[in-house]
Amino acid sequence: IDSYKEAIRLNSRYADAHMALGQAAITRHQYSKARESFDAYRTARTEDATVFYEIGKSWDLQTQDDNALASSRTAVKQLPNHAASWVGIGDILSRKGKSKDAERAFAKGVAADEEFMPGVCQLGVLRSRTKLNGATRQRLEKCAKSEDSPEDMKTAAMEVLEDI
């Protein structure tokens, strides 16, 4: 962290150092500091829309759903195939009880990257609550077997598969 701060002191437009500081701040639960770093990154590297995903994630971790949703939507407007942003949108919509909208967001995330396991898992689990067809079963099996799946989603997928 000190190295990044020193790099920024020497060159205030050193974008990668701002991004790294922002991500480090998130791991320390310093969300306001993270957003300050991401804003500095955005100023230095205006063409990189992935920063909106990072900003959205920082809001999401504070359960500031409206701010998180706005940032994530900005990310997918600029990067329509950013799977993590679509999944973030789906998570928020699911929490808000908007299952159909969440399902569409998860589906867009999976369409953008079929190997992005959080999206595969979320879509499979959500669809298993309403309809269990062959494709949904395959997603759940893929989620349950993948080492890249988040543990909570892997467990949920295995529980659904056991109940079938």
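Cut-offs applied
- Residues numbered from 1 in each chain as written.
- Predicted model: local features only at pLDDT ≥ 70, side-chain atom pairs only at ≥ 80, totals over all residues.
- Heavy atoms only, no water.
- Helix = DSSP H or I, 4+ residues; strand = E, 2+ residues; numbered from the N terminus.
- Buried < 20%, exposed > 50% of the residue type's maximum accessible area, 1.4 Å probe, protein only.
- Areas by Shrake-Rupley, 256 points an atom, 1.4 Å probe, with all protein chains shown as cover.
- Lys, Arg positive; Asp, Glu negative; His and termini not counted.
- Charge placed at Lys NZ, Arg CZ, Asp CG, Glu CD.
- Core = buried A, V, L, I, M, F, W, Y, C linked by side-chain atoms within 4.5 Å.
- Contact = heavy atoms within 4.5 Å.
- Axes fitted to C-alpha atoms, helices over the stretch in contact; angles between N-to-C directions.
- Parallel < 35°, antiparallel > 145°, perpendicular 65-115°, else oblique.
- Left-handed = near helix turned anticlockwise from the far one by under 90°.
- Nonpolar A, V, L, I, M, F, W, Y, C, P; charged D, E, K, R; others polar.
- Disulfide = S-S within 2.5 Å.

Across its full length, the chain carries ten helices and zero strands. Ordered by position from N to C terminus, the α and β elements of the chain give α-α-α-α-α-α-α-α-α-α. Expressed along its principal axes, the backbone C-alpha trace of the chain runs to roughly 60 × 30 × 25 Å. Within the chain, buried positions represent 44% of all 164 residues. Accessible surface computed for the chain: about 9,100 Å², of which carbon and sulfur atoms make up 46%. The chain carries 25 positive and 25 negative side-chain charges, and their two centres are separated by 5 Å.

Moving on to the nonpolar core. Formed by 25 residues in total, the largest nonpolar core has its most connected members in Ile 89, Phe 106 and Cys 143. Elements represented by at least two residues in this core include exactly α5 (65-78), α6 (83-95), α7 (99-112), α8 (117-130), α9 (134-145) and α10 (151-163). Ranked by the residues each element gives to this core, the list is headed by α8, at six residues. Non-local contacts of Cys 143, meaning those with residues more than four positions away in its chain, are made with Met 117, Cys 121, Ser 149, Met 153, Lys 154 and Ala 157.

So, about the packing of α6 against α7. At a minimum axis separation of 8 Å, α6 and α7 run at an interaxial angle of 165°. Here α6 lies roughly antiparallel to α7, going by the angle between them. The two elements α6 and α7 cross, and the hand of that crossing is left-handed. Between α6 and α7, the residues in contact are Ala 83, Trp 86, Val 87, Ile 89, Gly 90, Asp 91, Leu 93 and Ser 94 and Asp 101, Ala 102, Ala 105, Phe 106, Lys 108, Gly 109 and Ala 112, respectively. Along the lines of polarity and charge, the residues of the contact of α6 with α7 split into nine nonpolar, three polar and three charged.

Further remarks concern the state of the cysteines. One pass over the full model with this rule turns up one disulfide. In this model, Cys 121 is linked to Cys 143 through a disulfide, with the two sulfur atoms separated by 2.0 Å. Negative torsions about the S-S bond denote left-handed disulfides, and the value of about 105° found for Cys 121 with Cys 143 makes this one right-handed. Pair noted here: Cys 121 is in helix α8 and Cys 143 is in helix α9, with a separation of 22 residues, a long-range link. For the pair shown, Cys 121 and Cys 143 are each scored as buried.

Keep in mind these values describe shape, not function.
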